[in-house]
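Listed below, chain by chain, are the residues.
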Amino acid sequence: MFFKSIKSATTAYLTCVLILISCIALFISIQENRRISLDSISNELNLVSTYLGEELTSRSVVLLPSSQQAQVFNALDKFKSVSYAAVYDSNWQLQQSYIREAFKATSLEPQNYVATPILNQQPVSNFINDTLVVITAIGAELSSNNYLVVVSDVSKVLEENTTSLLKHTLPLFVVLLSLCAAFGYALQGKLLNPLILISKFAKEVEVRKDYSIEIKTLGKQELVELGGSINSMLRTINTEYSRSRELSQTLKEHQKNAERWANFDRLTGFPNRQFFMQTLRIELARTMRNSQDLVLIYFDLDGISKVYDELGQETGDQLLVKVCERAKGLLREGDLIARLDDSEFLILLHNQPTDIMLANIVERLIKDFNVPFSLNNLVVEVTINIGIAKASDSNFNLSEFIENADIAMYRSKMLGINTHTMYLPDMKKDNKRSVLIAATIEEAIQNKEFTVNYQSRVSVDERVMGYDVSVHWDSKTLGFIPESEFNPIAVNNGKSCAISMWVVETVCRDLATITELNNAQLVISINLFCVNNDHINVLDFIKDTFSTYQVNPANIEFTLPELVYLESYDLASVFLNKLRGIGAGVALSNFGCGYSGLGYLHQSDLTTIRIDKHFIDNLMLSKRPTLVVKTILKIATQLGVQVCADGVETREQVDFLVSVGCHQMQGFLFSKPSALAQLIYAEN
C-alpha cells in the first residue's frame, strides 16, 4: 500500500484531482485561445485579401501594373499575420509576390499553398500544413480572372499566443490550485480529525489492554454515533473479557486441582496409587544403583466398611480422615504413605531402617490403632493387619515388590487381627498354592473330594448335646488341605457359599442316621461364612434342603465367626434373623475376639455364644482371660443365651467352666472330629 492512512490517501487523491482539473481547465483555455486566434487570423486575412484586391485593381476591373503591385504589397509589412502574398494569372503563373523574412527562412515553396480552384469571387480559406491560405479572385472578367493568394503561418502565431496565455494564466492557476489544496487539507483535517482520534484511541486500548476506558467523540452525527458504538462495543468486550478472565482463572484452578487429584486422594489428601507407584519406581532405580534396599509396609484396616454400612458415607469419611491423620502422625520425616483402596495403605520407609527401627514402627502402628476412635459421640474400634516386604527380595521389580507386601499382609489376616508379617520367599509358593486352591474348590465339590467330620459337644455332665461340623479336603492334586487353610481362601475368593451349601446338604442327609444313634434333640452346628448379597440364595437353598430331607430346623444351628458377623453387621443380622425365622439356631463362634464389645448382644436373636479357645487356654493362668470368660457367662445368662466353651483340653478347665455356669463344652478332651462311619462304629 502506498498510503497507510486515510489522511495521506485522501490528500494524494485530492491533489491529483485538483491537478487534473487544473490541467483540463488549462487545456480547454489553450484550445479556446487557439480557436479564437484562428478565427481572428482568418478574419484578418479575409480583410487583408479584400483590401489588397481593391488596391491591386484600383477599385476597378483592371489590374495595376507590376511596379504598382509591388508598392501595394510593401504595405503588408504592417500586417504581422501575413507571411506570404502573391498574384497569379488565370493559369496560375506568378505575377507578383510578397514574402516576409521570417517565412522566407523556411524551405516552403509559395506555389505549394495554391489550393482548390476558385468557383466565385468570394475568398476561400484553407488550412494546409499549419498555414492558413486565403485565395481571392480579382478582375471583373471571369474568363481572365487573376488570383490573389494570401498565406499566414498560424503555427508561430498560435505558439506566441499560447505562450502569452500561459504567462498570464499559469500563475493564477498555481495560486488557485494552492488555495484549493490548502482549503481541502483544512477541510480534510476537520473531517478526519475525529477518525484520527478514534485510531489513536484504538491503539491505546491495544497497548493498555484496558477495555474499561471510553472515547469522547466530537464531530458530525455519524462520527458521534460511531464513537458511541465503539464505547458500547468496548463495554461488551470488557464484560466478556472479565467473564473470560474469571473463567480462565477458574479453569486454571480446576486444572491445578485436577493435576493434584490425579496424584492425590480427594478425601484424605494422601498420595494415590498412581503417584506412589511413580515415586516407588524412581526410588527402586535409585536404591538399586546405590546398592541399597527399600522397605515397604502394606496394611489393611478392618472395621471401616462396617462404619460405612451402619452409619453412612459421611460418618465413614470422617472416620477415614481420622485414621489417616493418626497414620500420618506415626511416620518419620521422609516416609511416604499412600491410600490404595477404601482401607488399604502403603508406606514407603525412608533410608532403609534397621530391623529394630522397623519393629518399632510396626509396633507403634499396631499400638496406636488399638486405641478406639471418637466419632460423633461414638467409640469406634478398628484392627490392623500389616505386611512388610523388602525390595531386594523382589529383585527391585516394582510389581513383585508390591505383590510381596500384599502376600505378607494377607498372611497376617490369616494369623489373626493386629498382627504383622515379614515377607519370606516361601510365602510366594504358599500364595501360588492359595490361588490354585481357590481355582479348584468348585471342581473339588463336584469330584466329592470334601468330607464332613463331626466332633461332639457335651453338657456339664458330659452328655452329648450335639456335634460340630468340620470339613476336610483330600485333593487329588494338592493332597490333604485342612479347613484352617482353605476356608479363609474360600471366603476371600467368594467360594465359601458353595462349600456351605454342600455342607448343609451333606449334614441334612446324615442327620437321620446321627439322631438314631443318640436322640432326636441333638443339634448339629454348621459353620457359615457367606453373609454377602448371596445369602438370599443360600437361605432359599437351606429351606429347600430341609424340605427335601424332612429336617427339623431345631436340629440345626448355624455358626458365624464374630469378626465376620461384626464386619457385615447389617447383612449378617438380616441373614441370622431369617434363619431364626425358619426355626434354626444361630451362634457366634470365636467370641471375645471382636472389637465392639458386648453391646450388640441385646440386639441379636442368638441361641448360642461360643467362647474362643484362646481364652480357654489361658483360664486360671492369666487374670484377664478368666475375667472375660466370667463376664461373658454372666451377660449371656442374663440374656438367656447358651454358652459353649471351645477347645477344652484339661480337667481343670472343665472344673472351672462348670463352676462359673458354662452350659456346653467342646474339645479334644471329649472327642476328636470323626467321619460319619467312624461315629456309627464308635456308638455301636
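Right above here is the structure, for reference.
Predicted model, so just to flag it, every value in this text is computed and none were measured.

Student: In this structure, what is going on with the pairing of strand β8 (residues 344-349)? I would like to understand it.
Tutor: Residues in a regular strand project their side chains so that they alternate between the two faces of the sheet. The buried count for β8 comes to 6 of 6 residues, which makes it a mostly enclosed element. Side chains Glu-344, Leu-346 and Leu-348 of β8 all project onto a buried face; the interleaved residues Phe-345, Ile-347 and Leu-349 project onto the opposite face, where all are buried too. As paired elements, strand β6 (residues 295-302) and β8 share 6 bridges and run antiparallel to each other. If you follow Phe-299 over to β8, its bridge partner there is Phe-345. Judged from the 4 bridges that link them, strand β7 (residues 336-339) and β8 form a sheet pairing that is antiparallel. For Ile-337, the partnering residue across the bridge sits in β8 and is Ile-347. Hairpin geometry of β7 and β8 is characterised by an intervening segment of 4 residues between the two adjacent antiparallel strands.

Student: I'm lost on the pattern of salt bridges in this one. Help?
Tutor: Any two side chains of opposite charge can pair if their charged atoms end up close together. Summed over the entire model, instances satisfying the criterion amount to 13 salt bridges. Of the charged contacts in the structure, one is a salt bridge between Lys-390 and Asp-355, with a shortest N-O distance of 3.7 Å. Of this pair, Lys-390 sits in strand β11 (residues 383-390) while Asp-355 sits in helix α9 (residues 355-369); the two residues are 35 residues apart in sequence, bridging distant segments of the chain. Classification of Lys-390 as partly exposed rests on a relative accessible area of 25%.

Student: Is there a simple way to explain the side chain of Asp-646 in this structure?
Tutor: Within the secondary structure, Asp-646 sits in strand β20 (residues 642-646). The exposure class assigned to Asp-646 is buried, which follows from its relative accessible area of 14%. Polar contacts involving the side chain of Asp-646 include one to the side chain of Arg-610, which spans 2.8 Å. Discounting residues that sit within four places of it in the chain, Asp-646 has contacts with Arg-610, Ile-611, Asp-612, Lys-613, Ile-616 and Gln-666.

About the thresholds
Residues numbered from 1 in each chain as written. Predicted model: local features only at pLDDT ≥ 70, side-chain atom pairs only at ≥ 80, totals over all residues. Heavy atoms only, no water. Buried < 20%, exposed > 50% of the residue type's maximum accessible area, 1.4 Å probe, protein only. Helix = DSSP H or I, 4+ residues; strand = E, 2+ residues; numbered from the N terminus. Pairing = 2+ DSSP bridges. Salt bridge = Lys/Arg side-chain N within 4 Å of Asp/Glu carboxyl O. Polar contact = N/O pair within 3.5 Å; in protein donor to acceptor, adjacent residues only side chain to side chain. Contact = heavy atoms within 4.5 Å.

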